[in-house]
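Architecture at a glance
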Amino acid sequence: MSDLVKTALVTGGSRGIGKSIVTRLALEGFQVYFTYKNSSQDAENICSELAKSKAVAKGFKLDSTDITAVKNFFKDEIKDKVELSVLVNNAGITRDGLLIRMKDENWTDVINTNLTSPFFFTQEAVKLMSKQRSGRIINISSVVAQTGAAGQANYVASKAGLIGLTKSVALEVASRNITVNAITPGFIETDMTAVLSEEISQNILKSIPLARFGVAEDISGAVAFLVGKDASYITGQVIAINGGLYM
Ligand code: NDP
């Protein structure tokens with residue numbers, strides 16, 4: 001048994017779904033480390049709010065796409081300092097536009113943030129979890145990975161790639177008692193979806209059988225289940241949480 005503190009690492013934990021995952025896991029007793037790119041004040045607020053409930057979270061300003069910074073973060077903050085029990089690859093961005101007009105950087109930024117960065121975080125995490133012979137990795141993909149979405153070729157490719165990464169790594173690390181699963185949220189009310197026009201939002205709402213948008217807690221609840229003992233035999237799976245959207 002390790003004396004190190006059981007820690008969950010969540011990327012993009014300052015807002016939206018990530019914030020909800022940080023909060024839920026911290027309240028369930030994990031020490032939670034989370035990353036963000038810009039939102040330092042939001043990160044501080046989350047930590048101080050959780051501290052009132054004696055829950056522990058610590059935010060790190062770390063651009064997920066800066067591979068050297070990510071490797072240094074694991075070396076300086078994680079390796080031999082904590083027991084990395086959980087990794088949630090949550091940080092993600094959209095840069096929507098039709099394929100024909102899509103700028104190169106809008107393709108590259110989305111693929112780097114949503115797919116390449118989870119690859120690097122996963123690689124670093126698996127090295128440590130393999131030695132521990134335990135670990136849970138959860139990748140936040142999207143319903144559009146399963147349906148496609150016009151105007152989101154970059155985003156959909158990144159999120160479908162994340163499902164491929166999930167299934168392949170799950171096979172590679174199962175013998176080390178590490179599980180790897182993906183969640184595909186539908187339309188969840190966060191800053192990411194707040195930018196959509198009222199008309200687009202209403203059209204999406206009409207197509208959701210449960211007739212409501214999702215909330216971040218719909219996703220963090222599933223993460224809490226996947227990291228708990230009842231989920232120890234689940235790996236390589238894609239858990240859809242979308243109100244029935246694509247049925
Ligand atoms: P938000 O835009 O509300 O929050 C995104 C989070 O990611 C923020 O904490 C942001 O940090 C962080 N982030 C973005 N880029 C980087 C980076 N390069 N390095 C570090 N952190 C970064 O998004 P949501 O909460 O809505 O989405 C969370 C995840 O869920 C994403 O992967 C998204 O694709 C996925 N998803 C969301 C859906 C939805 O309907 N909302 C549906 C399906 C999937 P900062 O605050 O500093 O900018």
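Per chain, residues are indexed from 1 in the order of the written sequence. The predicted origin of the model limits local features to residues at a pLDDT of at least 70 and limits the giving and counting of side-chain atom pairs to 80 or more, whereas totals for whole chains, interfaces and linings rest on all residues. The side-chain values count all of the structure's non-hydrogen atoms but skip hydrogen atoms and water molecules.

1. Focus: the overall build of the chain
Working definition: helices are DSSP H or I runs of at least four residues, strands are E runs of at least two. Numbering for both runs from the N terminus. A count of helices and strands for the chain gives 9 helices and 7 strands. Here the globule rule reads 2.2 Å times residues to the power 0.38, and the radius of gyration is calculated from C-alpha atoms. Its C-alpha atoms give the chain a radius of gyration of 17 Å, near enough to 18 Å, the size a compact globule of 247 residues would have. C-alpha extents for the chain along the principal axes are approximately 55 × 40 × 35 Å. A total of about 12,300 Å² of accessible surface is found on the chain, and carbon and sulfur atoms cover 53% of it. We count Lys and Arg on the positive side and Asp and Glu on the negative side, and we leave His and both chain ends out. Lys charges are placed at NZ, Arg charges at CZ, Asp charges at CG and Glu charges at CD. When the 26 basic and 24 acidic side-chain charges of the chain are each reduced to a single mean position, those positions are 5 Å apart. Residue-level accessible areas treat just the shown protein chains as cover; the underlying method is Shrake-Rupley with a 1.4 Å probe.

2. Focus: the site of the ligand
The environment of the ligand is made up of 31 residues, and the closest members are Asn-38, Ser-39, Asn-90, Tyr-155 and Thr-190. For this analysis, a polar contact is any N or O atom pair within 3.5 Å, provided that within protein one partner can donate a hydrogen and the other can accept it, and provided that sequence-adjacent residues contribute only side-chain to side-chain pairs. In this structure, an oxygen atom belonging to the ligand sits 2.6 Å away from a side-chain N or O atom of Tyr-155. Within the backbone of Gly-186, a nitrogen or oxygen atom sits 3.3 Å from an oxygen atom of the ligand. In the complex, 95% of the free accessible area of the ligand, which totals 900 Å², lies under the protein chains. Among the elements that take part in the shell around the ligand, helix H7 (residues 191-194) stands out by supplying 3 residues, more than any other. Gly falls in the polar group here, along with every residue not listed as nonpolar (Ala, Val, Leu, Ile, Met, Phe, Trp, Tyr, Cys, Pro) or charged (Asp, Glu, Lys, Arg). In terms of residue class, the shell around the ligand is built from 11 nonpolar, 15 polar and 5 charged. Throughout this document, a residue counts as near a molecule or strand when at least one of its heavy atoms sits within 4 Å of that molecule or strand.

3. Looking at the layout of surface pockets
By volume, the second largest pocket amounts to about 230 Å³. Cavities and pockets are defined on a 1 Å grid built over the protein atoms alone: a cavity is a set of grid points where a 1.4 Å probe fits but cannot escape, while a pocket is an open set with protein on both sides within 12 Å along at least five of seven lines, and lining residues are those with an atom within 4 Å of any such point. Contributing to the lining of the second largest pocket are Lys-6, Glu-28, Phe-30, Glu-83, Ser-85, Val-86, Ser-134, Gly-135, Arg-136, Ala-224, Val-227 and Gly-228. A class-by-class count of the residues in the lining of the second largest pocket yields 4 nonpolar, 4 polar and 4 charged. Grid points are joined across faces, edges and corners, and a volume is the space filled by probe spheres set on the points.

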